[in-house]
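An overview of the molecular structure
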Amino acid sequence: MAALLLCLCLAAPSVALGEVEIRSTRFVAGDEGYSLSADFDISFSPRLEEAVARGVVLYFVADFELTRQRWYWFDEKIVKASQIWRLSYHALTRQYRLYSGSSGALHQSFGTLADALHVLSHIRSWQVAGKDRLAPDTSYEAALRLRLDPSQLPKPFQIEAMANRDWNLASEWERWRFTPGVPPPVSAPSPEGDTAESR
């Protein structure tokens, strides 16, 4: 395994880099609180595809933050939440597996990497805040991003990630204003389909 990690680290730079882009977000109020849905475009570089196929496990994290501006002090952090997914490949079954949740107890299997990334790219009904956390007629700023977590990579890849953009796979922060009681804007229509919702 050590030889494999070294070979991947010393491989020639990839021609194409992977990327993550946020296509749409939807933040809505429900009976139990506020939930978030989002769609992403996720693409891997050849190096990341090879690493997964050879057994390297990748951890993806969706970060959500909700803040309230205060003119007299620093902005107040109302909500800070994360979702975690683990992507791996099993050579014996020739299937990719996507584990969801902090415990990783739930997973789905896929015949191709593209199918796994398709599910990862759709988050649905992520409960991020209870109704009692937000005050009516108060403006908040919501922020969302999806990223590959380099700290969960094997040590040789953590070192390489410091200088190699192949491993720095993350979207920009998507930010929008939100006021309880006022319909929030929808950045784009959310297509129906499979989701990467944690249960």
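In this report, the structure presented in the accompanying data block is examined.

So, how was this worked out
- Residues numbered from 1 in each chain as written.
- Predicted model: local features only at pLDDT ≥ 70, side-chain atom pairs only at ≥ 80, totals over all residues.
- Heavy atoms only, no water.
- Buried < 20%, exposed > 50% of the residue type's maximum accessible area, 1.4 Å probe, protein only.
- Helix = DSSP H or I, 4+ residues; strand = E, 2+ residues; numbered from the N terminus.
- Arc of directions from axis to C-beta.
- Pairing = 2+ DSSP bridges.
- Axes fitted to C-alpha atoms, helices over the stretch in contact; angles between N-to-C directions.

**A word on helix H3 (residues 113-120)**
Inspection of H3 places Leu113, Ala116, Leu117, Val119 and Leu120 among the buried residues, and these make up the whole buried set. Each buried residue of H3 lies within a common arc of 160° when the element is viewed along its axis, so the set occupies one face.

**Details of the sheet that holds strand S2 (residues 34-43)**
Strand pairing in a sheet relies on backbone hydrogen bonds. The paired strands run either parallel or antiparallel. The strand order across the open sheet built from three strands is S1-S2-S7, with neighbouring strands paired in antiparallel fashion. Of all the strands in the sheet, the pair left with one neighbour each is strand S1 (19-29) and strand S7 (122-129). Pairwise comparison of adjacent strand axes, ignoring direction, gives a mean angle of 25° for this sheet. The pairing of S2 with S7 spans five bridges and is classified as antiparallel. Opposite Ser35, over in S7, you have Gln127 as the bridge partner.

**Comments concerning the pairing of strand S5 (residues 95-100)**
Here is the key point about a regular strand: its side chains alternate between the two faces of the sheet. Pairing between strand S4 (residues 76-90) and S5: six bridges, direction antiparallel. Bridge assignment links Leu87 to a residue of S5, and that residue is Leu98. Of the pairings in the sheet, the one linking S5 to strand S6 (residues 106-110) comprises five bridges and is antiparallel in character. Across the sheet, residue Arg97 finds its bridge partner in S6, namely Ser109.

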